[in-house]
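# Observations on the model geometry
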Amino acid sequence: MVRDYTELRLLVSCPSPRGLTIGGRSLPLAAEALAQQGVEDPDPSPALDRQLLAAGQAQNVPGPWLCLRARISHALEERLRAYERQYGQAYGLDLIDLASHGLDDQGEPRTSADLAASPPLRPFTLEVLRDYDPSRCSLPHWARQKLHCNGDLKAYFRQHGLLLISDWALLADSSERRARVAWERCGAGAMDVNQALALHRAYRQHYPEAMAVHRQSSGRRSGWRPDPAFLRAVAPEQPTTTTAEQLWALATAIRRFLTAPTSSRGFADGEEAAVVDPSSLEAAAGEVADDQASAAELRQRIEQALERAAGPLVAATLKADQPRWTADPSRLLAWQLYGQGLSQRELAEQCGHQQAWVSKLLKEKQLAMAIATAAAAELKRHPAFAAVGRSVGGAERLVEALRNHLVTPEREGDVAPLRQAICRALPSLLP
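As the structure is a computational prediction, the values presented were derived from the model and not from experiment. (Residues numbered from 1 in each chain as written. Predicted model: local features only at pLDDT ≥ 70, side-chain atom pairs only at ≥ 80, totals over all residues. Heavy atoms only, no water.)

## Looking at the pattern of salt bridges
Spelled out, the test is: Salt bridges, as used here, are contacts in which a Lys or Arg side-chain nitrogen is within 4 Å of a carboxyl oxygen on Asp or Glu. Note on classification: 1.4 Å probe, protein chains only; a residue is buried when its accessible area is under 20% of the maximum for its type, exposed when over 50%, partly exposed between these limits.
This model, assessed by the stated rule, comprises 19 salt bridges. Here R3 makes a salt bridge to E7, at a shortest N to O gap of 2.7 Å. Judged by relative accessible area, which is 18%, E7 ranks as buried. The partner of D131 in a salt bridge is R130, and the shortest N-O contact between them spans 3.5 Å. Taken together, the shared-partner salt bridges connect D104, R122, D152, D321, R324 and R331 into one network.

## Details of unusual backbone geometry
Stated precisely, the cut-off is as follows: Numbering of helices and strands starts at the N terminus; helices are DSSP runs of H or I of at least 4 residues and strands are runs of E of at least 2.
With an omega of 5 degrees, the peptide bond between R122 and P123 qualifies as cis. Structurally, P123 is set in the loop between α5 (95-99) and α6 (124-130). Unusually for a residue other than glycine, N60 sits at a positive phi of about 50 degrees. Locating N60 in the fold gives a position in the loop between α3 (46-59) and α4 (62-91). Judged by relative accessible area, N60 falls into the partly exposed class, the value being 39%.

## Things to note about the packing of α3 against α4
Quick reminder of the rule: Every axis in this analysis is a line fitted to C-alpha atoms, fitted for helices over the stretch in contact. Angles between the N-to-C directions lie between 0 and 180 degrees. Roughly parallel refers to an angle under 35 degrees, roughly antiparallel to one over 145, roughly perpendicular to one between 65 and 115, and oblique to any angle outside these ranges. Left-handed is the label given to a crossing in which the near helix is rotated counterclockwise from the far helix by less than a right angle, and right-handed is the label when the rotation is clockwise. Residue contacts are defined here by distance: any two heavy atoms, one from each residue, within 4.5 Å place the two residues in contact. For this scheme, ten residues count as nonpolar: Ala, Val, Leu, Ile, Met, Phe, Trp, Tyr, Cys and Pro. Four count as charged, namely Asp, Glu, Lys and Arg, and the remainder, Gly too, count as polar.
Interhelical geometry of α3 versus α4 gives an angle of 140 degrees and a closest axis separation of 8 Å. It follows that α3 is oblique to α4 by the angle criterion. Our pair here, α3 against α4, has a crossing hand that is left-handed. Seen from α3, the contacting residues are P46, D49, L52, L53, A55, G56 and Q57; seen from α4, they are P64, W65, C67, L68 and R71. Its residues placed into classes, the contact of α3 with α4 shows eight nonpolar, two polar and two charged.

## Description of the side chain of H74
We apply this condition: For this analysis, a polar contact is any N or O atom pair within 3.5 Å, provided that within protein one partner can donate a hydrogen and the other can accept it, and provided that sequence-adjacent residues contribute only side-chain to side-chain pairs.
As for its placement among the helices and strands, H74 is situated in helix α4. Classification of H74 by relative accessible area gives buried; the value is 12%. One polar contact links the side chain of H74 to the main-chain carbonyl oxygen of E7, over a distance of 2.9 Å. Leaving out residues up to four positions away in the same chain, H74 has contacts with R3, D4, E7 and R9.

## Structural notes on the confidence of the model for the protein chain
What counts, and what does not: Each residue carries a pLDDT score, the predictor's confidence in it, ranging from 0 to 100.
Overall, the prediction assigns the protein chain a mean pLDDT of 84, with 87% of residues at 70 or greater. The least confident element of the protein chain is strand β4 (residues 266-267), whose mean pLDDT is 32; the most confident is helix α12 (residues 228-234), at 96. Contacts from residues 285-293, a stretch scored under 50 in pLDDT, to residues over four places away or in other chains number 17 contacts.

## Notes on the nonpolar core
So the rule is basically this: By nonpolar core we mean a set of buried residues, namely Ala, Val, Leu, Ile, Met, Phe, Trp, Tyr and Cys, connected to one another through side-chain atoms within 4.5 Å.
Residues Y83, L98 and F157 are the most contacted members of the largest nonpolar core, which totals 47 residues. Counting residues per element, this core draws most heavily on α4, at 11 residues. Dropping the residues within four chain positions of it, F157 is found in contact with Y83, L93, L98, L162 and L164. One finds W335, L342, A348 and A421 within the second-largest nonpolar core, a separate group that totals 40 residues.

## What to know about the packing of aromatic side chains
Spelled out, the test is: Two rings belonging to Phe, Tyr or Trp (six-membered ring only in the last case) form a pair when the distance between their centres is within 6.5 Å. Interplanar angles under 30 degrees mark stacking, angles over 60 mark edge-to-face geometry, and anything in between is tilted. In our convention, an over-ring charge means Lys NZ or Arg CZ found within 6 Å of a ring centre and within 35 degrees of that ring's normal.
Under the criterion given, the structure shown has six aromatic pairs. When the ring of Y203 is compared with that of F230, the centres are 5.5 Å apart and the planes differ by 85 degrees; the resulting orientation is edge-to-face. Placement of the pair is Y203 in helix α11 (residues 193-218) and F230 in helix α12, with a sequence separation of 27 residues. Taken as a pair, Y203 and F230 share a single burial class, namely buried. Note on Y207 and W224: the rings are 5.4 Å apart at their centroids and 90 degrees apart in plane angle, and the pair reads as edge-to-face. Placement of Y207 in helix α11 and of W224 in the loop between α11 and α12 is noted, with a sequence separation of 17 residues between them. A relative accessible area of 15% places Y207 in the buried class. Ring-pair connections join several aromatic residues into one group, and the members of that group are Y203, Y207, W224 and F230. In this arrangement the basic side chain of R79 is found over the ring face of Y83, its NZ or CZ atom lying 5.8 Å from the centre.

The structure is reproduced here in structure tokens:
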């Protein structure tokens, strides 16, 4: 159908409670490009995709690229709706939130010169086109593959406890350190941690060869499962059924660890800051104060370390969300109001969303913990904090005190330091 090449699928405003829905936008430049190619009412096909790709590369004009971006947007919408149908109810996924990770193209004219920019490109349709090779697969298939590998979308899935990776690939992709921590925290079964790590090492040793054979025989990278011969090679001393069960248990532990509400990797997205003692930063400074430095001097050093850590981490967080502000202005509004000191309940009311949406967007605890951890790492290099660094309990108390300080106002009516950092960083990202 001609609309596959002349209608862009994207998020558009509507009178619904969310204020957004998936809709279409006609692209006159795309229709003109089709006419110039001698195509009036085309059926989507790889041949026409290749023709438009060649025209865009040769002529350096936006029309052919708009045709391909529209084509990609239809494939992305189809896959995003499939994600929502398959996982939405079980994992609490929202179609509009899903669409914000792929349907961000507003139809601005772009040419082949724009594809030479540093990845990842925005809108996402350009990122799909950036390294598309028509000799390898069709354009819709490539679009679906790129969406599946989208880091922001993966993070959104992980926030909701969903990892779109098979147990077998997850085991192969996990380091020994991850396997150790996951089994210690989330493992269930008779294996001790040393047995689990030995099994994991053996699995990863034999996995590359098994995958190479699978790709050669099937022509696919997915769909592999360990057969009895593989299981015997991994653990020849025990029945293959036992090995399969142990591998599944280890994969389950890793999956639970990666999607757990709390772990050493950070707090769950959407958790609000706990009620804390505003004097915790003074306690942290007082705990390490000695003849080398007064508590006031240490507090100043702590404040400076937090400011240095917060700058790049806050900027990176906002930049990661910035591409979605055009399609969903309520995201930018939420950041602005958060920086001004409004509560999450007030933010939800102002932005027209549920409070859970606000929590998932801000990731307050996760961001505060990342900043606190980075600042603590700097502080422990100072002689006054050396003893804290050598004590697990002391180091944990320091990080917790820093996190508490970031999310808690000094005095009633003040704005917490993390919110101040957001407020300082936003102006540089606005048009």
